Amino acid sequence: MASFESEVHDVKAPCRKVFDFLSDFRNFEKLMPEQIQDWQATETTCSFRIQGVANLHMRIAGKSACRNIHIVSDGANPVEFSLDIFLNKTDDETCRVSVLFDAELSPFMKMMASRPLQSLVEMLSEKIEVHFSS
């Protein structure tokens, strides 16, 4: 198992507001980089294509209010993975967010994918912070 974890980011919004936003995949399109194409989402599932890489399908497998959103690979994906978004209320108007991505990668794939996957978790946590800053 390969794990990639973002730095913790301070988000200038109430934890419940951030949790509600991230609990609906239809909101995630606002957080995706330009390499993501063919985005399709319901509240609990999404699919998309990473330009030049693969098609991915995910679903929200569990939520703990204002603490965690657990997302897993769903259907035909090149690898099995999970994505966890952790939230920690700091006060009534701010919370802290971090992202953890775990994947079943062969040693060769880990070597090839480590940098892009680390960039992905950093980008996602930063985009969450920026989204609530504006």
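First, a word on what this report is: a plain description of the structure on this page. (Residues numbered from 1 in each chain as written. Predicted model: local features only at pLDDT ≥ 70, side-chain atom pairs only at ≥ 80, totals over all residues. Heavy atoms only, no water.)

## Observations regarding the overall build of the protein
The cut-off we apply is this: Only DSSP runs of H or I covering at least 4 residues are called helices, and only runs of E covering at least 2 are called strands; the numbering of each starts at the N terminus. Just to be clear, the radius of gyration here is over C-alpha atoms, and the globule rule we use is 2.2 Å times residues to the power 0.38. Classification of residues uses two cut-offs on accessible area relative to the type maximum, computed with a 1.4 Å probe and protein chains only: under 20% is buried, over 50% is exposed, and between them is partly exposed. The contact criterion used is simple: two residues touch if any of their non-hydrogen atoms lie within 4.5 Å. Note on areas: these come from Shrake-Rupley sampling with a 1.4 Å probe, and a residue is covered only by the protein chains present in the view. For the charge count, each Lys or Arg is scored as positive and each Asp or Glu as negative, with His and the chain ends excluded. A single reference atom marks each charge: NZ on Lys, CZ on Arg, CG on Asp, CD on Glu.
Summing up its helical and strand segments, the protein has two helices and eight strands in all. Taking 134 residues into account, the globule formula puts the C-alpha radius of gyration at 14 Å, and the protein, at 14 Å, falls close to it. Expressed along its principal axes, the backbone C-alpha trace of the protein runs to roughly 45 × 30 × 25 Å. For the protein, with 134 residues in total, the buried portion stands at 43%. Sequence-distant contacts in the protein: of pairs separated by 6 or more residues, those separated by 24 or more amount to 46%. Split by element, the accessible area of the protein, about 7,500 Å² in all, is 50% carbon and sulfur. Averaging the coordinates of the 14 positive side-chain charges in the protein and doing the same for the 20 negative ones gives two points 2 Å apart.

## Some words on the side chain of Ser 125
Condition: The definition of a polar contact used here is a pair of N or O atoms within 3.5 Å, where within protein one atom must be able to donate a hydrogen and the other to accept one, and adjacent residues in sequence count solely through side-chain atom pairs.
Note that Ser 125 resides in helix α2 (residues 107–133). Reaching out from Ser 125, the side chain makes a polar contact with the backbone oxygen of Glu 122 at a distance of 3.1 Å.

## Let's talk about the packing of aromatic side chains
The line we're drawing: Paired rings are identified among Phe, Tyr and Trp, the last through its six-membered ring, by centres lying within 6.5 Å, and are further divided according to the angle between planes into stacked (under 30 degrees), edge-to-face (over 60) and tilted (the rest).
Scanning the entire structure with this criterion turns up four aromatic pairs. Residues Phe 21 and Phe 132 carry aromatic rings whose centres are separated by 5.4 Å and whose planes lie at 80° to one another, so their mutual orientation is edge-to-face. With Phe 21 in helix α1 (residues 15–22) and Phe 132 in helix α2, this residue pair connects regions lying 111 residues apart in the sequence. For the pair Phe 21 and Phe 132, a shared accessibility class is recorded, and that class is buried. With centroids separated by 5.4 Å and ring planes inclined at 25°, the aromatic side chains of Trp 39 and Phe 48 adopt a geometry described as stacked. For Trp 39, a relative accessible area of 14% puts it in the buried group.

## Concerning the pairing of strand β3 (residues 36–41)
Here is the rule: Only strands that DSSP links by at least two bridges are regarded as paired with each other.
Note that β3 and strand β4 (residues 45–50) share four bridges and pair antiparallel. Residue pairing in the sheet places Gln 37 in a bridge with Arg 49 of β4. Linkage of β3 to β4, two consecutive antiparallel strands, is achieved through a turn of three residues.

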